[in-house]
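Here is how the chains run, residue by residue.
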Amino acid sequence: MPEAMTEETPGIKIRTEVKPQDAAAALVREPDIVIRDVNLSYGDNHALHDITMDIEDRRVTAFIGPSGCGKSTLLRCLNRMNDLIDNVKTTGEIKVKGLDINAPTTDVIEVRRRVGMVFQKSNPFPKSIYENVVYGLRIAGINDKAVLDEACERSLRGAALWDEAKDRLQESGLSLSGGQMQRLCIARAIAVEPEIVLMDEPCSALDPIATLKIEELIYSLKEKYTIVIVTHNLQQAARVSDRTGFFWLGRLVEYGATPDMFTRPQDKLTEDYVTGRFG
C-alpha cells in the first residue's frame, strides 16, 4: 500500500493515503457519479429526500448512518436495482460516467454491466468456481474458452482469490469459506469489467480475519474502480474510504473527506453519530 498517515478520534483510526493531485485535471474532470435532487418513494413512504452529491473517480466512498436511513436505497439507485421493487417512484438525475441512467432510452442491462454490485450476504451460484466467475460473460454471449480462462484468472487475481482457488476451479463455489465466497462474488462482479463497484455491507457476515482481507481488497481495487460501500461499521468506513456521506432519515446530512467527517464534522448530528451518542 502507499505510504499513509494516521489520524485518530476516540475508538477510530483513520488511514488516509498521501497522493499528489493534478489540480488542473480535477477542475475539468466530471465526477464518475453525479447525483442531483434525487427523491425516492416506496408507495407513500418517502425514503430519500433531495439527495445531491458527486462521487469521484477511483475513490472509495462510504455511506454511513443508522438502519433505515436510506443509504442502501441510494446505493441501489446507482444501478437501478430499485426497479425490481413494486410501487417505487424515483425523481431527480443520476449520471454514471455521463450517462443519465434513468433516461427512458437507457438500457438497464448495460447500466448493470457498467455498475457491478456485491451484496451483504455472499451469494455464489450452485456452480463451479470457474462458472461463477465467468457467468456474466456467458450471459453476454462470450463462449471462447481462451477468453473465459483469461477473464477467470484475471478476476480471481483481482479479488485476491487466485492462489487459494486456482487448483479448485471445478469445485463448487459453495465449498469455499464465507470470506472466500464473498471474494468470489467480487471476482464475478469485476469479470465483466464494470466501471463502478457497489458494495452493500460486504463484511457484515464475516469474521474479523475475512473482514480484513476484504478491506485490503477494497483498498487495492480502487486503483481500477470507483467503489461505493454501505457500512454500519464506522471503523471500517474510516479505514477504507476516501469520502464519507452520513445519512439520517432519508437525508444526506453531511458529506466530505473521511478524516474531516470523523475528526472535524460540521454538523452536530454527524458528530453525535460518529462519537457513538446514538446509532
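Residues numbered from 1 in each chain as written. Predicted model: local features only at pLDDT ≥ 70, side-chain atom pairs only at ≥ 80, totals over all residues. Heavy atoms only, no water.

## Structural notes on the confidence of the model for the chain
- With 90% of its residues at a pLDDT of 70 or more, the chain has an overall mean of 90.
- The low-confidence segment residues 1–7, where pLDDT is below 50, has 24 contacts with residues more than four positions distant or belonging to other chains. (pLDDT = per-residue confidence, 0-100. Contact = heavy atoms within 4.5 Å.)

## Considerations on the sheet that holds strand β11 (residues 243–248)
- What the 6 strands build is an open sheet, ordered β8-β9-β10-β5-β11-β12; its pairing is mixed. In the strand order of this sheet, the two ends are held by β8 (115–118) and β12 (251–257), each with one partner. Geometrically, the sheet is characterised by an average inter-axis angle of 15° between neighbouring strands, direction not taken into account.
- Where strand β9 (residues 196–200) meets strand β10 (residues 226–230), 5 bridges bridge the pair, whose relative direction is parallel. Bridge pairing in β10 places Val197 opposite Ile227.
- Of the strands in this sheet, β8 and β9 touch helix α7 (residues 178–191), which is tilted by about 170° from β8.
- Sitting on the sheet, helix α8 (residues 208–221) touches β5 (60–64), β9 and β10, and the angle it makes with β10 is about 145°. (Pairing = 2+ DSSP bridges. Helix = DSSP H or I, 4+ residues; strand = E, 2+ residues; numbered from the N terminus. Axes fitted to C-alpha atoms, helices over the stretch in contact; angles between N-to-C directions.)

## Quick notes on the environment of His46
- Secondary-structure assignment places His46 in strand β4 (residues 45–55).
- Given a relative accessible area of 35%, His46 falls into the partly exposed group.
- Residues His46 and Lys89, spaced 43 residues apart in sequence, show a C-alpha to C-alpha distance of 9.3 Å.
- Residues within four places of His46 in sequence aside, it is in contact with Asn39, Leu40 and Ser41. (Buried < 20%, exposed > 50% of the residue type's maximum accessible area, 1.4 Å probe, protein only.)

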